[in-house]
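One-letter residues, chain by chain:
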Amino acid sequence: MRHTRRLAAAAALLTTATLMAPGTAAAAQDPVVLDRQALQQTLDAAHKAGMYGMLSTVRDGNRTWQGSTGVADVTTKRPMHPRMTHRVGSISKTFASVAVLQQVARGTIELDAPIGRYLPDLVPGERGKKITVRMLLNHTSHIADYIAPAFPSLLEGRTSSLDEHRFRKIKPAELVKMGLEGTPTGEPGATPGSYSNTNYVIIGLLLEKVTGENAERHITRNVIRKAGLRHTSYPRTPRIPGSHSKAYESWYGLIDPPRDYSVYDMSYVRTAGDVVSTMDDLNRFYRELLRGRLIGAKQLAEMQTTVPVNVGGGYLHYGLGLYAADLQCGRFWGHDGAVFGMGAQSLSSPDGKRQISFGMNLMKYQRIGDDGQLEPSEIDNAMGNHLVLALCGKGGATAKAEQKPFVPFPTGRTTVKR
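As recorded by an unreviewed UniProt entry, the protein carries the name Class A beta-lactamase-related serine hydrolase and is attributed to Nonomuraea mesophila.

Before going further, it helps to examine the sheet that holds strand β3 (residues 63-70). If you walk across this open sheet you meet the nine strands as β3-β2-β14-β13-β12-β11-β10-β9-β5, and the pairing is mixed. Both edges of this open sheet fall to β3 and β5 (193-194), since each of them pairs with a single strand only. Alignment of strand β2 (residues 53-60) against strand β14 (residues 354-360), held across seven bridges, turns out to be antiparallel. Its bridge partner being in β14, Ser56 is matched across the sheet by Phe358. Taken strand by strand, helix α11 (residues 279-290) contacts β2, β3, β12 (330-339), β13 (342-348) and β14, and its axis lies near 145° from that of β14.

Packing of helix α2 (residues 92-106) against helix α10 (residues 215-224) leaves a shortest axis separation of 9 Å and a crossing angle of 80°. Classed by the angle they form, the pair α2 and α10 counts as roughly perpendicular. Contacts between α2 and α10 involve Phe95, Ala96, Val98, Ala99, Gln102, Gln103 and Arg106 on the former and, on the latter, His218, Ile219, Asn222, Val223 and Ile224. For the contact of α2 with α10, the per-class residue count stands at seven nonpolar, four polar and one charged.

The subject of this paragraph is the sheet that holds strand β6 (residues 248-249). The mixed open sheet is built from three strands, whose spatial order is β7-β6-β15. Two strands lie at the open edges of the sheet, namely β7 (259-260) and β15 (362-363), each paired on one side alone. Where β6 and β7 come together, two bridges link them in antiparallel fashion. Looking across to β7, one finds that Tyr248 is bridged to Asp260.

Reading guide: rules and limits
- Residues numbered from 1 in each chain as written.
- Predicted model: local features only at pLDDT ≥ 70, side-chain atom pairs only at ≥ 80, totals over all residues.
- Heavy atoms only, no water.
- Pairing = 2+ DSSP bridges.
- Helix = DSSP H or I, 4+ residues; strand = E, 2+ residues; numbered from the N terminus.
- Contact = heavy atoms within 4.5 Å.
- Axes fitted to C-alpha atoms, helices over the stretch in contact; angles between N-to-C directions.
- Parallel < 35°, antiparallel > 145°, perpendicular 65-115°, else oblique.
- Nonpolar A, V, L, I, M, F, W, Y, C, P; charged D, E, K, R; others polar.

Below, the structure is given as structure tokens:
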């Protein structure tokens, strides 16, 4: 049996084009022409490389392209459709962060106040005094992630926990307790931070404390509805509402063939990752956010103040519930998310004019080499080409010098035992 290996990580967002440092990111701002045929070809390339199905929506100004490839169900061969609803995982964190910043603007929450002021029984003692709301939002609290203790078989190289807990209902306070009982990843406030879902479960409980209502209902009314999203929700049952694909999980080859987890109780992620949306809705959400229609300019500036955050060994430029990705054609803002069997990623230019949101229905399809690193995948390369083509145009998509492998969904990387 191989020893425990930490998966390889990409700094910020690794694409097939070389990523630029923040100071050089504003190089090319020419209008991007939506090459619909090329966008479909790059999407199809991912399916040909082994991805079961993908859906994507790309915007450039007032122009929109929607596409899909592959199958939503490997048994029936039902095709993917670009307007399907999809679990978007940790993109949910941006929604929760917006709700908190709305409360900051109202004066009911202070970003630099200790969380113990609001939730003394949940985060007691010195950590409750030292960890601030900001540290939770930008992952510098250094509270451990609860995923490993919640699904203990994963650390033993087995996936039985995924099936045993399919319909488990777990309370958010239990998830927080698991995280707090784990070994801290550093001192509160220290950088680099360490990405942890526990932070955003606490954020949901904070919202409930200061608003007096269920966090998901509060976010739905004050963020989702305010943004005009018609196909975005927190599902009330383990089933995904609306037309959707299956959700196939491989767990780096441990589940062979990949198993469908589209019916799953999402209480294990709560406000850290249980949103369902469409790719068009995600683009609209980030467009409304970046144009100042959900929070004020001061709060948006707080969201876009980044610190380095460690994710699986690499680093993200992480703000308050969203991160920055620097490509050769500019800086883009957004988030990604991964749950069992589904992933999504959404990136937007600062003015919200250039956007891509795409999803996939097969997760952790990569293999781990003897050195503990993710082996190169043609699926990753194809998705990298699609993303760069969408945001930077043909010039960006054909920039092949000093290529780096595209490892999608950086926040979804984890540690496994093989």
